[in-house]
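# Results of the structural survey
Now for the letters of each chain:
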Amino acid sequence: MISHLRRPGSPVVADYIEEVAAAADAQSIQWWDGDHGVDAVLVLPCHIEHFRPQWAVLAWNHRFGWAVGAQGQTRGTVVLLDGLGVGPAPTPDRCAAAATTTILALYDWTPPPPAVTAPWQQPCTALGNTPPFYRLDPAPRKVHGHFTPKPPSQPSR
């Protein structure tokens, strides 16, 4: 199945995405047109608090697999927060379970503070001052794309 999923326009991909959508109780499937790093987005019936009222999403890339995020503020954007780490094409049930676990872990997630880069902005520890806590999480990645009403057609050879 993996080799067939490497071609985003194949009928196998549409079937696979629909199976994952059913397993994850997705509200909708949004197919993305073009090379934006995302092939399909599943809109889920839950939220990540920081992005409320936007819905949580599962985004799929045929090379890297699934990531959890949230709908962006504008149409055609999603904010990716964390990959599921289950490979490019896990079974639908495994994908849904990993998505649930990841969304629960991200429920009260907040963005990390801006990176501290300049020496004069570093926390002072020389006199016993306790530095502030900085999360090491990567910043969210915003992805822009265009939706299509159906799966993209199979590329011509």
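Our structure's up above, just so we're on the same page.
Residues numbered from 1 in each chain as written. Predicted model: local features only at pLDDT ≥ 70, side-chain atom pairs only at ≥ 80, totals over all residues. Heavy atoms only, no water.

Another point: the pairing of strand β2 (residues 40-43). Side chains Ala40 and Leu42 of β2 all project onto a buried face; the interleaved residues Val41 and Val43 project onto the opposite face, where all are buried too. As paired elements, strand β1 (residues 28-33) and β2 share four bridges and run antiparallel to each other. From the neighbouring strand, Ser28 faces β2, where its bridge partner is Val43. Bridge analysis of β2 against strand β3 (residues 56-61) gives four bridges, and the strand direction is antiparallel. Note that in β3 the partner of Leu42 across the bridge is Leu58. (Buried < 20%, exposed > 50% of the residue type's maximum accessible area, 1.4 Å probe, protein only. Helix = DSSP H or I, 4+ residues; strand = E, 2+ residues; numbered from the N terminus. Pairing = 2+ DSSP bridges.)

With that settled, consider the packing of aromatic side chains. By the definition in use, this model includes three aromatic pairs. Seen from their ring centres, Tyr16 and Trp66 are 6.3 Å apart, and the 50° between their planes marks the pair as tilted. Taken as a pair, Tyr16 in helix α2 (residues 11-23) and Trp66 in strand β4 (residues 65-71) lie far apart in primary sequence, 50 residues in all. The two residues Tyr16 and Trp66 agree in class, both being buried. Ring centres of Trp60 and Trp66 lie 6.2 Å apart, and the angle between their planes is 40°; on these two criteria the pair is classed as tilted. Note on Trp60: relative accessible area 0%, which makes it buried. (Phe/Tyr/Trp six-rings, centres within 6.5 Å; stacked < 30°, edge-to-face > 60°.)

Two numbers describe how α2 lies on helix α3 (residues 92-106): the axes approach to 8 Å, and their chain directions differ by 50°. Between α2 and α3, the crossing angle belongs to the class labelled oblique. You can see that α2 and α3 cross each other, and the crossing is right-handed. Contact residues: α2 offers Tyr16, Glu19, Val20 and Ala23, while α3 offers Pro92, Asp93, Cys95 and Ala96. In the contact of α2 with α3, the residues fall into six nonpolar, no polar and two charged. (Axes fitted to C-alpha atoms, helices over the stretch in contact; angles between N-to-C directions. Parallel < 35°, antiparallel > 145°, perpendicular 65-115°, else oblique. Left-handed = near helix turned anticlockwise from the far one by under 90°. Contact = heavy atoms within 4.5 Å. Nonpolar A, V, L, I, M, F, W, Y, C, P; charged D, E, K, R; others polar.)

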